[in-house]
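Structure at a glance
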Amino acid sequence: MTLMPKKAHESLVNMTELVLPNDTNTFGNLMGGRLMYWMDIAAALACMKHCAAPVVTASVDNISFENPIKLGNVVHIEAIVTRAFTTSIEVHMKVWGEDPVLQYRYKSNEAFMTFVALDPNGKSRPVPQVIAESEEEKKLYEGALRRRQLRLILGGKMKPADANELKALFTEATEA
Ligand SMILES: CCCCCCCCCCCCCCCC(=O)SCCNC(=O)CCNC(=O)[C@H](O)C(C)(C)COP(=O)(O)OP(=O)(O)OC[C@H]1O[C@@H](n2cnc3c(N)ncnc32)[C@H](O)[C@@H]1OP(=O)(O)O
């Protein structure tokens, strides 16, 4: 079966949440775990828009929290599929906080997650390829192969010796 490639922007998901007391730590800031939970859902929804199948989270790349999001502020999560491989899909997320009274936005974090599409028997199934159109989508698409190799090495699923894209990156850097 041949799957029709799909445009990256067709997967775009914008999620909005309000930070309530039960979402915060004792400093009145949004808990990192609660944010990751929302990010997981937003990213899974972007993947499902792309592949029209249930997905599971395979891995989460490193997340650093640049700015805390305050109680009573709004959380905006933008999730978009960057590239699909055989059965797995990489998603990029940008997260902002917003003060709804003073009406300004501030960047909270960015992250990549990888999901695997499942068939009705719970086995991984092929996914459509991604068509990257904008400059940003193309940049994310091109970097996806290197990020995939790095996370597979860290997850013990790939030998460093087989990571050709990563090796090429270091060769370019030393030649420059
Ligand atoms: C009842 C019906 C309802 C229907 C309605 C649906 C509603 C649906 C709502 C969903 C909305 C909520 C979304 C929350 C989603 C979760 O939170 S799910 C819960 C947390 N995640 C899990 O429990 C997953 C547990 N892990 C697994 O099941 C398996 O390890 C995996 C991820 C399926 C991979 O299995 P595997 O046997 O290692 O598979 P393998 O064939 O070797 O590799 C398959 C792909 O996984 C990739 N992969 C494997 N490990 C990694 C890794 N560490 N990093 C990156 N990629 C990896 C491989 O590279 C490969 O990719 P491709 O080369 O094919 O593109």
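Residues numbered from 1 in each chain as written. Predicted model: local features only at pLDDT ≥ 70, side-chain atom pairs only at ≥ 80, totals over all residues. Heavy atoms only, no water.

A count of helices and strands for the protein chain gives three helices and seven strands. Mapped from its N terminus to its C terminus, the protein chain presents α and β elements in the order β-β-α-β-β-β-β-β-α-α. Along the longest, intermediate and shortest principal axes, the C-alpha atoms of the protein chain span 50 × 45 × 30 Å. The buried share among the 176 residues of the protein chain stands at 43%. A separation threshold of at least 6 residues defines the contact pool for the protein chain, and within that pool the share at least 24 residues apart is 68%. (Helix = DSSP H or I, 4+ residues; strand = E, 2+ residues; numbered from the N terminus. Buried < 20%, exposed > 50% of the residue type's maximum accessible area, 1.4 Å probe, protein only. Contact = heavy atoms within 4.5 Å.)

Attention shifts here to the side chain of H76. Position of H76 relative to the elements: it lies in strand β4 (residues 74-84). A residue is classified by how much of its surface remains accessible, and H76, at 12% relative accessible area, is buried. At 2.6 Å, the side chain of H76 forms a polar contact with the side chain of E98. A distance of 3.4 Å separates the side chain of H76 from the side chain of R105, its partner in a polar contact. (Polar contact = N/O pair within 3.5 Å; in protein donor to acceptor, adjacent residues only side chain to side chain.)

Turning next to the site of the ligand. Lining the immediate environment of the ligand, one finds 19 residues, of which T57, S59, T86, T87 and S88 sit closest. Between the ligand and S59 there is a distance of 3.0 Å, counted from a nitrogen atom to a side-chain nitrogen or oxygen. The separation between an oxygen atom of the ligand and a polar side-chain atom of T87 is 2.6 Å. Of all the elements in the fold, those that place two or more residues in the shell around the ligand are α1 (32-51), β3 (55-60), β6 (104-117) and α2 (135-154). (Near = heavy atom within 4 Å.)

The next point concerns the sheet that holds β4. Here five strands make up an open sheet; going across it, the order is β2-β4-β5-β6-β3 and the pairing antiparallel. Here the strands that pair on one side only, and so sit at the sheet edges, are β2 (13-18) and β3. This sheet shows a mean twist of 30° between the axes of neighbouring strands, independent of strand direction. By the bridge criterion, five bridges tie β3 to β6 in an arrangement that is antiparallel. Pairing of V60 across the sheet is with M113, part of β6. Packed on one face of the sheet, α1 meets β2, β3, β4, β5 (88-99) and β6 and runs near 40° to β4. With respect to the sheet, α2 is in contact with β3, β4, β5 and β6, its orientation differing from that of β4 by roughly 75°. (Pairing = 2+ DSSP bridges. Axes fitted to C-alpha atoms, helices over the stretch in contact; angles between N-to-C directions.)

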